[in-house]
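Residue-level listing of the chains:
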Amino acid sequence: MSEKHKISVIGVGYVGLCTAVGFATKGYLVVSSDVDPEKVAKIKEGIPPFHEPRLTEMLKAAIQKGKLKCLINQTEAAVLETDVTYIAVGTPSKPDGSIDLQYIEAVSRDIGKALKKSSNYHIVVIKSTVVPGTAQNTVKTILENTSQKKCGEDFGLCVNPEFLRQGSAFEDTFNADRVVIGSFDKKSGDVIEEVYRGFYSPKVPPIIRTGLATAELIKYASNAILATKISFINTIANLCDKIPGADVKLVATAMGLDKRIGPLFLDAGLGYGGSCFPKDVKALIACSKALGYEPRLLESVEEVNHEQPLKAVELCKKLLGGLEGKRIALLGLAFKPNTDDMREARVVPIVCELLREGAIVVAYDPVAVNMAKSLLKDTILYASSVVECLNNADGCIVVTEWDEFRKLTPNDFRKYMKQPVLVDGRRIYDPAEFGKKLKFAAIGLGKGL
Ligand code: UDX
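About the thresholds
- Residues numbered from 1 in each chain as written.
- Predicted model: local features only at pLDDT ≥ 70, side-chain atom pairs only at ≥ 80, totals over all residues.
- Heavy atoms only, no water.
- Helix = DSSP H or I, 4+ residues; strand = E, 2+ residues; numbered from the N terminus.
- Rg over C-alpha atoms; globule rule 2.2 N^0.38 Å.
- Buried < 20%, exposed > 50% of the residue type's maximum accessible area, 1.4 Å probe, protein only.
- Contact = heavy atoms within 4.5 Å.
- Areas by Shrake-Rupley, 256 points an atom, 1.4 Å probe, with all protein chains shown as cover.
- Lys, Arg positive; Asp, Glu negative; His and termini not counted.
- Charge placed at Lys NZ, Arg CZ, Asp CG, Glu CD.
- Pairing = 2+ DSSP bridges.
- Axes fitted to C-alpha atoms, helices over the stretch in contact; angles between N-to-C directions.
- Near = heavy atom within 4 Å.
- Polar contact = N/O pair within 3.5 Å; in protein donor to acceptor, adjacent residues only side chain to side chain.
- Nonpolar A, V, L, I, M, F, W, Y, C, P; charged D, E, K, R; others polar.
- Phe/Tyr/Trp six-rings, centres within 6.5 Å; stacked < 30°, edge-to-face > 60°.
- Parallel < 35°, antiparallel > 145°, perpendicular 65-115°, else oblique.
- Left-handed = near helix turned anticlockwise from the far one by under 90°.
- Arc of directions from axis to C-beta.
- Salt bridge = Lys/Arg side-chain N within 4 Å of Asp/Glu carboxyl O.

(A) Region of interest: the overall build of the protein. A tally of regular secondary structure across the protein gives 18 helices and 14 strands. For 449 residues, the compact-globule estimate of 2.2 N^0.38 gives 22 Å, and the protein sits close to it at 24 Å. Principal-axis analysis of the C-alpha atoms places the extent of the protein at approximately 70 × 45 × 40 Å. A buried classification covers 55% of the 449 residues belonging to the protein. Across the protein, every contact between residues at least 6 apart in sequence was considered, and the portion connecting residues at least 24 apart equals 73%. For the protein, the accessible surface area stands at approximately 19800 Å², while carbon and sulfur atoms represent 53% of it. Averaging the locations of the 59 positively and 54 negatively charged side chains of the protein gives two centres separated by 2 Å.

(B) Looking closely at the sheet that holds strand E2 (residues 29–34). Spatially, eight strands are ordered E3-E2-E1-E4-E5-E6-E7-E8 in an open sheet, and the strand pairing comes out mixed. Unpaired on one side and paired on the other, strand E3 (68–72) and strand E8 (207–210) mark the two borders of the sheet. Neighbour to neighbour, the strand axes of the sheet diverge by 25° on average, direction disregarded. Strand direction decides the pairing type here: strand E1 (residues 6–10) and strand E4 (residues 84–87), joined by four bridges, are parallel. Its bridge partner being in E4, Ile10 is matched across the sheet by Ile87.

(C) Summary view of the site of the ligand. Near the ligand lie 19 residues; those nearest to it are Phe163, Gln166, Asp267, Gly273 and Lys336. Leu164 places a polar main-chain atom, nitrogen or oxygen, 3.0 Å from an oxygen atom of the ligand. Contacts to the ligand include Lys336, whose side-chain N or O atom sits 2.8 Å from an oxygen atom. In the complex, 92% of the free accessible area of the ligand, which totals 670 Å², lies under the protein chains. Among the elements that line the shell around the ligand, the one with the most residues is helix H9 (residues 212–241), at three residues. Considered class by class, the residues forming the shell around the ligand number nine nonpolar, four polar and six charged.

(D) Representation of the packing of aromatic side chains. Counting across every chain of the model gives 17 aromatic pairs. Plain terms: the ring middles of Phe413 and Phe434 are 6.3 Å apart, the flat faces sit at 70° to each other, and that makes the pair edge-to-face. With a gap of 21 residues between them, Phe413 in helix H17 (residues 410–416) and Phe434 in helix H18 (residues 431–437) connect regions that are remote in the sequence. For the residue pair Phe413 and Phe434, the accessibility class agrees, reading buried in each case. Linked through ring pairs, Phe23, Tyr28, Tyr86, Phe170, Phe174, Tyr196, Phe199 and Tyr200 together constitute an aromatic cluster.

(E) Spatial organisation of the side chain of Ser231. Relative to the helices and strands, Ser231 resides in helix H9. You can call Ser231 buried: its relative accessible area is 4%. With sequence-adjacent residues up to four places away left out, Ser231 is seen in contact with Tyr272, Val301, Val304 and Asn305.

(F) Spotlight on the packing of H9 against helix H10 (residues 248–256). It is the contact of H9 with H10, at a shortest axis distance of 9 Å, that shows an interaxial angle of 140°. Looking at the two axes, H9 sits oblique to H10. The crossing of H9 and H10 is right-handed. Two secondary-structure elements touch here, H9 through Phe232, Ile233, Ile236, Ala237 and Cys240 and H10 through Val248, Val251, Ala252 and Met255. Per-class residue counts for the contact of H9 with H10 are nine nonpolar, no polar and no charged.

(G) Helix H13 (residues 347–356), seen in detail. Looking at H13, one finds that the buried residues are Val347, Ile350, Val351, Glu353 and Leu354. For H13, the arc enclosing every buried residue in end-on projection is 165°, short of the 170-degree limit, so these residues lie on one face. Looking at the buried side of H13, the elements it contacts are helix H12 (296–320), strand E9 (327–331), strand E10 (360–364), helix H14 (369–376) and strand E12 (395–398). With its phi angle positive at about 90°, Gly358 sits one or two positions after the end of H13.

(H) Region of the structure containing the sheet that holds E10. Taken together, the six strands give an open sheet; going across it, the order is E11-E10-E9-E12-E13-E14, and neighbouring strands pair in parallel fashion. In this open sheet, the two strands that pair with only one neighbour each are strand E11 (381–382) and strand E14 (439–442). Sheet analysis places E12 next to strand E13 (residues 421–424), joined by three bridges and oriented parallel. Looking across to E13, one finds that Ile397 is bridged to Val423.

(I) The environment of Arg296, seen in detail. Within the fold, Arg296 resides in helix H12. On the accessibility criterion, Arg296 (62% relative accessible area) is exposed. Note: C-alpha distance between Arg296 and Pro205 (91 residues apart in sequence) is 34 Å.

(J) Just the pattern of salt bridges, in detail. Here the structure, examined in full by the defined rule, presents 24 salt bridges. Between Glu144 and Lys140 there is a salt bridge, and its shortest N-O distance comes to 3.5 Å. Of the two residues, Glu144 and Lys140 are both situated in helix H6 (residues 134–147); the distance of four residues between them amounts to about one turn of the helix. Residue classification places Glu144 among the buried residues on the basis of a relative accessible area of 17%.

Written out as structure tokens, the structure reads:
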């Protein structure tokens, strides 16, 4: 193999595109392929199909330098041009919460067809999040059957989960906390380890070598503990709501100073959304149950998260004495700041509940309005600025903690709203300051409402 491997990436969704652009930026030749022609057309023009800070400039540079190609549904061609193939297709949930492996299976068949034609040793790396046993039982079996070749001899197989956060994907791509490499055969694990040693040099993060199933589980366990921390602090927040004078923010700050607990992922709010936590917790629950183990802790984590967004509506209703006919302004639509991703966004159950209560909903988000329109359609009104959103509103709920909203003062709310009623769903405002000038409530702030 050449010193710098040629890399193919199959599936250029969030994970695949960040992986492809990351390798191309580091000077690797990358050939990607995706079944969606519209997505590919955009990428070829240097336009990422989603909002991610810094991605546009790096994608454009990679394409201009000829380091990144993107093909329409040509997995075989991409594999045959390269010597390492990353699988980065989606692994959505089935209606029962279990993982849907149809895209993994389809892509494994196409890779297998290419391996049959190739005479080189090729390494297949699974980047998609897959439940323990998938690499061994599904991907390896399909690759061997389709290629008529032997895993560990004619080709290698690894699991290399990603831990990228949306909105900070580039920081995470180039400064990973750790690299996990699960391999079927030692040879392929060694090659992928070398790839990452080169990629991160001179600041190589800890590299953890495991078998396939352990690597698969590390990804789920990592997301599940973070989701657990969030549901835990939201449980404490809901308790604070019942205790006049209690404030979850101070509880979390003090807890976080204990090194064993740590300060991160203890922000109480409306719960977790996004493309990973909800799906991965559900898949881990389904996988545990299928193996005959009842994961009670994880079931509770999910349950708490399911109810959490409704707390903001409850607080708003209490402050206004009812929501019927009231105009409610929502600040933020995306599942978190710095992204336009609306998957499992907390705003969706909030909107449903507000509409059920008879409210008129108007929302503003700095980047997610278009994405939201395709999801929420014309059930709500969309504003093109904070001022337009707050104008004449009876109540306001902060749904996403964009920096733009952090800068608002109590006077901004007083100036534009019909009634100065504010619910801070993300704890971005100082209750002492906002509580004095507004009818103010916040998640985890015990006011005895
Ligand atoms: C997550 C993981 O962090 C990442 O490692 C994995 O690869 C993919 O899933 P992401 O979905 O981008 O990344 O978002 P993250 O920043 O982890 O936040 C997830 C959700 O939890 C958001 O809705 C966020 O608002 C919420 N959250 C996060 C809280 O409610 N409180 C917190 O303290 C932290």
